[in-house]
Amino acid sequence: MTNLGDLEVFNLVAQCGSMSEAARSLGYSPAVISKRIKRLEERLGVRLFQRTTRQLSLTEAGQGFYERVQGILVSLGEAEDFVAGRANAISGSLKISAPTSFGRLHIAPHLKPFIDTNPALAINLVLSDEFTDLVAGGFDLAIRIADLNDSSLVARRLAPVRRVLCASRSYVERHGLPKDISDLANHRCLPAHNNDSWRLEGPDGVVTLRPDGMLVTNSSEVIREAVIAGLGIALRSTWDIGQELRDGSLVQVLPDYEGSKNVSLSAIYSSRKLLPAKVRLFIDYMTTLYSPVPYWER
């Protein structure tokens, strides 16, 4: 049977990407760490790391092994907490990935009650509009707005996401409203993320458009400010522009068409049966905020 200490050493080397750094963290010499990794590889009969003079990276087998070892170590930690009577004492750190705008608008304002309830838990909230690799980035979970129907990721749906075509009142006054979906070609459109296509669901089914825009950006927040300023028509989520729709500064365009209903707000995490209590508690907290009807839709 594989030595549990070897699994812990392997896990730390994989996280650090360096045997020397793992050795410093554990107080061992690099030679000892190298010997234990070699012993583990010989027992398993596979190479876990690709080694060069400058880089250490996981092989395909090593990556799969790492994902499973993490689950084992997490389960062991929770078992020890349970026996020690500390199952409800949440501590350590929780590293979360989330989209930039959503994190700023709908996660950051709600962190205080969660932190007040769990004062021994430190939150590391990383905001990015790129899909991060949970394992490589050392994330405990990620909040994503996407169609995850075909994903192998483990996901818990937090809320539906409704995306509508919208424009400012000043834009409508100058350019009018499009009469039908084909009329969008005669209007200024603001596709986000470097001219991504729009997948819309309407009376006749799904329509996919690739609108031409005079503004190219990788920032969703830039598109939000542009549509509010009257630069054109955009496809935006109601969590992002709900207030502007309510106060009338933005109006919905072609209301029979909305973004794909397969897109939802979800919490994703590594594939393991036993979630760490800190991850489960945060996901439960998010669920109470956004379900059953998100507050931005009320």
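The rules behind each value
Residues numbered from 1 in each chain as written. Predicted model: local features only at pLDDT ≥ 70, side-chain atom pairs only at ≥ 80, totals over all residues. Heavy atoms only, no water. Helix = DSSP H or I, 4+ residues; strand = E, 2+ residues; numbered from the N terminus. Polar contact = N/O pair within 3.5 Å; in protein donor to acceptor, adjacent residues only side chain to side chain. Core = buried A, V, L, I, M, F, W, Y, C linked by side-chain atoms within 4.5 Å. Buried < 20%, exposed > 50% of the residue type's maximum accessible area, 1.4 Å probe, protein only. Contact = heavy atoms within 4.5 Å. Pairing = 2+ DSSP bridges. Axes fitted to C-alpha atoms, helices over the stretch in contact; angles between N-to-C directions. pLDDT = per-residue confidence, 0-100. Parallel < 35°, antiparallel > 145°, perpendicular 65-115°, else oblique. Left-handed = near helix turned anticlockwise from the far one by under 90°. Nonpolar A, V, L, I, M, F, W, Y, C, P; charged D, E, K, R; others polar. Salt bridge = Lys/Arg side-chain N within 4 Å of Asp/Glu carboxyl O. Phe/Tyr/Trp six-rings, centres within 6.5 Å; stacked < 30°, edge-to-face > 60°.

Let us look at the side chain of asparagine 118. As for its placement among the helices and strands, asparagine 118 is situated in the loop between helix H6 (111–117) and strand E4 (121–127). From its side chain, asparagine 118 meets the backbone oxygen of phenylalanine 114 in a polar contact 3.0 Å long.

Bringing the nonpolar core into the picture now. Ranked by internal contacts, the top residues of the largest apolar core, which has 29 residues, are Ile107, Leu141, Ile143, Leu265, Phe282 and Tyr290. Within the residue set of this core, elements represented by two or more residues are strand E3 (92–98), helix H5 (100–107), H6, strand E5 (141–146), strand E6 (154–160), strand E12 (264–269) and helix H12 (277–290). Here the element with the most residues in this core is H12; it accounts for 8 residues. For leucine 141, the residues in contact, after removing those within four places along its chain, are Leu94, Lys95, Ile96, Ser97, Leu134, Ala267, Ile268, Tyr269, Val279, Phe282 and Ile283. One finds Ala23, Leu48, Phe65 and Val135 within the second-largest nonpolar core, a separate group that totals 20 residues.

This part covers the sheet that holds E6. Strand order across the open sheet formed by 5 strands is E4-E3-E5-E12-E6, with mixed pairing between neighbours. One side of each edge strand has no neighbouring strand; the edge strands of this open sheet are E4 and E6. Geometrically, the sheet is characterised by an average inter-axis angle of 20° between neighbouring strands, direction not taken into account. The sheet contact formed by E3 and E4 spans 7 bridges and is parallel. Paired with alanine 98 across the two strands is leucine 127, which belongs to E4. The strands touched by H5 within the sheet are E3, E4, E5 and E12, with E4 carrying the most contacts at an inclination of about 140°.

So, on to the side chain of histidine 187. Counting through the fold element by element, histidine 187 comes out in the loop between helix H8 (169–175) and helix H9 (192–195). The exposure class of histidine 187 is buried, given its relative accessible area of 12%. Excluding anything up to four places from it in sequence, histidine 187 contacts Tyr171, His175, Gly176, Leu177, Pro178 and Ile233.

On average, residues of the chain carry a pLDDT of 86, and 90% of them reach 70 or more. Taken element by element, the chain is modelled with least confidence in H9, mean pLDDT 66, and with most confidence in strand E7 (residues 163–168), mean pLDDT 96.

The next point concerns the packing of helix H1 (residues 4–16) against helix H3 (residues 30–44). For any two helices packed against each other, the geometry comes down to the angle between their axes and how far apart the axes lie. Where H1 meets H3, the axes come as close as 10 Å, and the angle between the chain directions of the two elements is 110°. It follows that H1 is roughly perpendicular to H3 by the angle criterion. In this structure, H1 crosses over H3, and the sense of that crossing is left-handed. On H3, the residues touching Gly5, Asp6, Leu7, Val9, Phe10 and Val13 of H1 are Ile33, Arg36, Ile37, Arg39 and Leu40. By residue class, the composition of the contact of H1 with H3 is 7 nonpolar, 1 polar and 3 charged.

The backbone phi angle of leucine 254 is positive, close to 45°, even though this residue is not glycine. Tracing the backbone through its elements, the reader meets leucine 254 in strand E11 (residues 250–259).

To continue, consider the pattern of salt bridges. One pass over the full model with this rule turns up 14 salt bridges. With a shortest N-O distance of 2.6 Å, lysine 112 and aspartate 116 are connected by a salt bridge. Taken together, the positions of lysine 112 and aspartate 116, both in helix H6 and 4 residues apart, correspond to about one turn of that helix. The exposure class of lysine 112 is exposed, given its relative accessible area of 57%. Lysine 278 serves as the salt-bridge partner of aspartate 140, at 4.0 Å between the closest nitrogen and oxygen. Highlighted residues: aspartate 140 in the loop between helix H7 (134–137) and E5 and lysine 278 in helix H12, separated in sequence by 138 residues. Considered together, aspartate 140 and lysine 278 belong to a single accessibility category, that of buried residues. Linked through salt bridges whose partners overlap, the residues forming this network are Arg224, Glu225, Arg236, Asp240 and Glu244.

Applying the stated criterion to the full structure yields 11 aromatic pairs. Their ring planes at 90° and their centres at 5.9 Å tell us that phenylalanine 102 and tryptophan 296 sit as a pair that is edge-to-face. Of the two residues, phenylalanine 102 sits in helix H5 while tryptophan 296 sits in the segment after H12, which places them 194 residues apart along the sequence. With respect to burial, phenylalanine 102 and tryptophan 296 carry one shared label: buried. When the centroid spacing of 5.5 Å and the interplanar angle of 50° are considered together, the rings of tyrosine 290 and tryptophan 296 count as tilted.

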